[in-house]
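Here are the chains, one letter per residue:
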Amino acid sequence: MTAENSTSNELADRSIGAILSGLRHLSADQVERIVHLQREQNLRFGEAAVRLGFVSNDDVLYALSQQYHFPYSPEESRTASPELITQNHPFGPQAESFRAIRSQLMMRVFQESRERRALAVISPQAGDGKTYFAANLAVVLAQLGGRTLVVDADMRAGRLHDVFGVENRSGLSGILVGRTESKVIRQANGIPNLFVLPSGNPPPNPLELVERPAFGLLMKELVGKFDHVVVDTPAAASGSDGAVIASRCGAALLLARKDQSRVAELQDLLASLQQTSVAFAGVVYNEF
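Residues numbered from 1 in each chain as written. Predicted model: local features only at pLDDT ≥ 70, side-chain atom pairs only at ≥ 80, totals over all residues. Heavy atoms only, no water.

## A word on the overall build of the protein chain
- Along its length, the protein chain carries 14 helices and seven strands.
- When the backbone C-alpha atoms are referred to their principal axes, the protein chain occupies close to 70 × 45 × 35 Å.
- Here the protein chain holds 288 residues, and the buried ones make up 49% of them.
- The long-range fraction of contacts in the protein chain, counting pairs at least 24 apart against all pairs at least 6 apart in sequence, stands at 70%.
- Within the structure as shown, the protein chain displays about 14500 Å² of accessible surface, and the carbon and sulfur contribution to it stands at 49%.
- The average position of the 28 basic charges and that of the 31 acidic charges among the side chains of the protein chain differ by 3 Å. (Helix = DSSP H or I, 4+ residues; strand = E, 2+ residues; numbered from the N terminus. Buried < 20%, exposed > 50% of the residue type's maximum accessible area, 1.4 Å probe, protein only. Contact = heavy atoms within 4.5 Å. Areas by Shrake-Rupley, 256 points an atom, 1.4 Å probe, with all protein chains shown as cover. Lys, Arg positive; Asp, Glu negative; His and termini not counted. Charge placed at Lys NZ, Arg CZ, Asp CG, Glu CD.)

## Some points on the confidence of the model for the protein chain
- When the pLDDT values of the protein chain are averaged, the result is 86; 90% of them are 70 or greater.
- Across the protein chain, the secondary-structure element scoring lowest on mean pLDDT is helix α1 (residues 3-13), at 41, and the one scoring highest is strand β2 (residues 148-152), at 98.
- Confidence drops under pLDDT 50 across residues 1-13; counting only partners more than four residues distant or on other chains, this segment forms four contacts. (pLDDT = per-residue confidence, 0-100.)

## Things to note about the pairing of β2
- Burial runs high along β2: five of the five residues are buried.
- Burial along β2 is two-sided: Thr148, Val150 and Asp152 facing one way and Leu149 and Val151 facing the other are all buried.
- Relative to strand β4 (residues 194-197), β2 runs parallel, the two being bridged by four bridges. Bridge pairing links Leu149 to Phe195 in β4. (Pairing = 2+ DSSP bridges.)

## What about the environment of Gln41?
- Tracing the sequence through the fold places Gln41 in helix α3 (residues 28-41).
- Classification of Gln41 as partly exposed rests on a relative accessible area of 38%.
- On a C-alpha basis, the gap between Gln41 and Arg212 in space is 66 Å, while along the polypeptide they are 171 residues apart.
- There is a polar contact of 2.6 Å between the side chain of Gln41 and the side chain of Arg51. (Polar contact = N/O pair within 3.5 Å; in protein donor to acceptor, adjacent residues only side chain to side chain.)

## What about unusual backbone geometry?
- In the Ramachandran plot, Asn42 falls in the positive-phi region, its phi being about 55 degrees despite a non-glycine side chain.
- For Asn42, the location among the structural elements is in the loop between α3 and α4 (45-51).
- We note that Asp259 has phi near 60 degrees; this positive angle belongs to a residue other than glycine.
- Tracing the chain through its elements places Asp259 in the loop between β6 (250-257) and α14 (263-274).

## A look at the sheet that holds strand β7 (residues 279-286)
- What the seven strands build is an open sheet, ordered β3-β4-β2-β5-β1-β6-β7; its pairing is mixed. The two strands at the open ends of the sheet, each matched to only one other strand, are β3 (186-187) and β7.
- With two bridges connecting them, β3 and β4 associate as antiparallel partners. Residue pairing for β4: Arg186 is matched across the bridge by Val196.
- In the packing of helix α12 (residues 213-225) onto the sheet, the strands contacted are β1 (118-122), β2, β4 and β5 (228-232), and the crossing angle to β5 comes to about 140 degrees.
- Contacting β1, β5 and β6, helix α13 (residues 241-249) crosses the sheet at an angle of about 140 degrees to β6. (Axes fitted to C-alpha atoms, helices over the stretch in contact; angles between N-to-C directions.)

## Remarks on the packing of helix α7 (residues 93-108) against helix α8 (residues 130-142)
- The geometry of α7 relative to α8 is characterised by a closest axis approach of 9 Å and an angle of 75 degrees between their N-to-C directions. The angle between the axes of α7 and α8 places the two elements in the roughly perpendicular class. Taking contact as the criterion, the partners of Gln94, Phe98, Arg99, Ile101, Arg102, Leu105 and Met106 in α7 are, on α8, Tyr132, Phe133, Asn136, Leu137, Val140 and Leu141.
- The residue makeup of the contact of α7 with α8, split by class, is nine nonpolar, two polar and two charged. (Parallel < 35°, antiparallel > 145°, perpendicular 65-115°, else oblique. Nonpolar A, V, L, I, M, F, W, Y, C, P; charged D, E, K, R; others polar.)

## Some points on the environment of Glu181
- On the secondary structure map, Glu181 appears in the loop between α10 (172-176) and β3.
- Setting aside residues no more than four positions away along its own chain, Glu181 makes contact with Arg169, Ser170, Gly171, Gly174 and Ile175.

## Structural notes on the pattern of salt bridges
- Per the counting criterion, the structure on display carries six salt bridges.
- When the shortest N-O distance is used, the salt bridge between Glu47 and Arg44 registers 3.8 Å.
- Assessed through its relative accessible area of 37%, Glu47 is described here as partly exposed.
- In this structure Arg44 comes out as exposed when scored by relative accessible area, which is 61%.
- One salt bridge in this structure joins Glu221 and Lys225, with 3.0 Å as the shortest N-O distance. Placement of the pair is Glu221 and Lys225 together in helix α12, with a separation of four residues, close to one helical turn. (Salt bridge = Lys/Arg side-chain N within 4 Å of Asp/Glu carboxyl O.)

## Observations concerning α13
- Most of α13 sits out of view: seven of its nine residues are buried.
- Turning to α13, its buried residues number three or more, namely Asp241, Gly242, Ala243, Val244, Ile245, Ala246 and Cys249.
- Downstream of α13 by a residue or two, Gly250 has a phi angle that is positive, lying close to 105 degrees.

Right, here's the structure in full:
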């Protein structure tokens, strides 16, 4: 066993009490009072500490994230975009919904026994929540421990770089036009195993760029280097980019927005996919 592995195991074995004590510098007397209340009222250590006012609920969530390896920051040091609910609130109901979807996708798309594919997130209209969905899905996939890449293929109005707080001076558009750029794929801040490929400068011909063989070759290279690849796409109303991107990815998930998406639009988009060899992963109904 290496020293690195030994340290990792020691961190994993730390109790919630030990993590909270170190986080808030609890004194021996405070710990004794917490343990007394814990035993007296049959509480968890964290619950007892919160009742006594020695720690906050946010402190307990942070301690849990450390014990179970969730990327999570205490509220006072939180810099992640409010849209990244799976990072900011990893134990909330919305994060649980993303983990449930992740479980389905692991069976339908990311099975080890199947051919490796990227997953394109598509929808009829702008504002359906594709970027929000792709970003948070990528976070929960990264939480499994595998190397995960989220690609912003919306070269018309991409904004994954804003969500993850990374630079967008170079990105997908530069790769596809053959420009030599360094550090195009960037590590997501505060999320182990998650990487971001931003859209880059908006080109005048986004559809032509994804129709060229270079885009398909790039996707094959990326799925060979990462365990999971999630691709954000432009709305179908903006052009046929989304369907073309999905065909190059190999798999697609259709997003519908509550009180906004029309059945006819969803049917048309699904019909365009059925003309290709894309593996259809299903429809997600976005209520958020």
